[in-house]
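Close look at the chain arrangement
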Amino acid sequence: QVHLVESGGGSVQSGGSLRLSCTASGTVFDITAMAWYRQAPGNQRESVARMIGPYTTTYADSVKGRFTISRDNARNTVYLEMNNLGVDDTAVYYCNMIIQPMPARAPREYWGQGTQVTVSS
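Described below are features of the structure shown in this document. Residue numbering note: each chain is counted from 1, following its sequence as written. For a predicted model such as this one, the threshold for reporting local features is a pLDDT of at least 70, and the threshold for listing and counting side-chain atom pairs is 80 or more; totals across whole chains, interfaces and linings nevertheless cover every residue. Only hydrogens and water are set aside when side-chain values are computed; all heavy atoms of the structure are taken into account.

Examining the side chain of Asp89
Numbering of helices and strands runs from the N terminus; a helix is a DSSP stretch of H or I covering at least four residues, while a strand is a stretch of E covering at least two. Relative to the assigned elements, Asp89 resides in the loop between strand E8 (77-82) and strand E9 (91-100). Between N or O atoms, a polar contact is any pair within 3.5 Å; within protein, one atom must be a potential hydrogen donor and the other a potential acceptor, and residues adjacent in sequence are included only when both atoms are from side chains. At 2.8 Å, the side chain of Asp89 and the side chain of Arg66 are in polar contact. Once residues within four sequence positions are removed from consideration, Asp89 is found in contact with Arg38, Arg66, Phe67, Asn84, Val117 and Val119. The criterion used for residue contact is that any of the two residues' heavy atoms lie within 4.5 Å.

The structure is reproduced here in structure tokens:
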């Protein structure tokens, strides 16, 4: 069984920073992609940042230049560094990973439980 556990959410004033973490526990052979999504009240879940392999990253236009996604392969962990936060960044943030649990098994998608980020003006 693979589980994703998130941490790092909280409340911050506009212009502040937060760092989210998400660690995969259980049997993990390979992680081919890591990503962060967010969902604000009344909105659909949207992609924020994505990392495929060790170097390829993509970002939503709304967070480019402010958010940075990174990974620690040894810890099966993905991070999201969020700077210059604004009220529009308020949402529940979810991590997402494509994980191959064992060599003989196909990769599948896993989601974290979500962590609340609240930005006040």
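Right, picking up where we left off after that structure.
Description of the pattern of salt bridges
We define a salt bridge as a side-chain nitrogen of Lys or Arg found within 4 Å of a carboxyl oxygen belonging to Asp or Glu. Tallying each qualifying case throughout the model produces six salt bridges. Among the salt bridges present, the one from Arg66 reaches Asp89, with a minimum N-O distance of 2.8 Å. A residue pair is termed long-range when its members are at least 10 positions apart, and Arg66 in the loop between strand E6 (56-59) and strand E7 (67-72) and Asp89 in the loop between E8 and E9 qualify at 23 residues. We call a residue buried when its accessible area falls under 20% of the maximum for its residue type, exposed when it is over 50%, and partly exposed in between, using a 1.4 Å probe and counting protein chains only. Assessed through its relative accessible area of 16%, Arg66 is described here as buried. Of the charged contacts, one joins Asp72 and Arg75 as a salt bridge, the two residues approaching to 2.8 Å between their closest N and O atoms. Each of Arg38, Glu46, Arg66 and Asp89 takes part in a single network of salt bridges with overlapping partners.

Observations regarding the pairing of strand E3 (residues 18-26)
Sheet faces and side chains relate simply in a regular strand, where the side chains alternate between the two faces. Any two strands with at least two DSSP bridges between them are considered paired. Of the pairings in the sheet, the one linking strand E1 (residues 2-7) to E3 comprises six bridges and is antiparallel in character. Following the sheet pairing, Val2 is matched in E3 by Gly26. Of the strand pairs in this sheet, E3 and E8 are connected by six bridges, and their pairing is antiparallel. Bridge pairing in E8 places Leu18 opposite Met82.

Looking at the state of the cysteines
Count a disulfide wherever a pair of cysteine sulfur atoms falls within 2.5 Å. Considering all chains together, one arrives at one disulfide under this definition. Two residues share a disulfide in this structure: Cys22 and Cys95, whose sulfurs sit 1.9 Å from each other. Across the S-S bond linking Cys22 and Cys95, the dihedral sits near 40°, which makes this disulfide right-handed. With Cys22 in strand E3 and Cys95 in strand E9, this pair connects stretches of sequence that are 73 residues apart.

Considerations on the sheet that holds E1
Each strand in a sheet pairs with another by means of backbone hydrogen bonds, the pair being arranged parallel or else antiparallel. With antiparallel pairing, four strands are arranged side by side in an open sheet as E1-E3-E8-E7. A single partner strand is all that each edge strand has here, and the edge strands are E1 and E7. In this sheet, neighbouring strand axes are inclined to one another by 15° on average, regardless of whether the strands run parallel or antiparallel. Of the strand pairs in this sheet, E7 and E8 are connected by six bridges, and their pairing is antiparallel. Paired with Ser70 across the bridge in E8 is Tyr79. Only the stretch in contact is used when a helix axis is fitted, and all axes are lines through C-alpha atoms; the angle between N-to-C directions ranges over 0 to 180 degrees.

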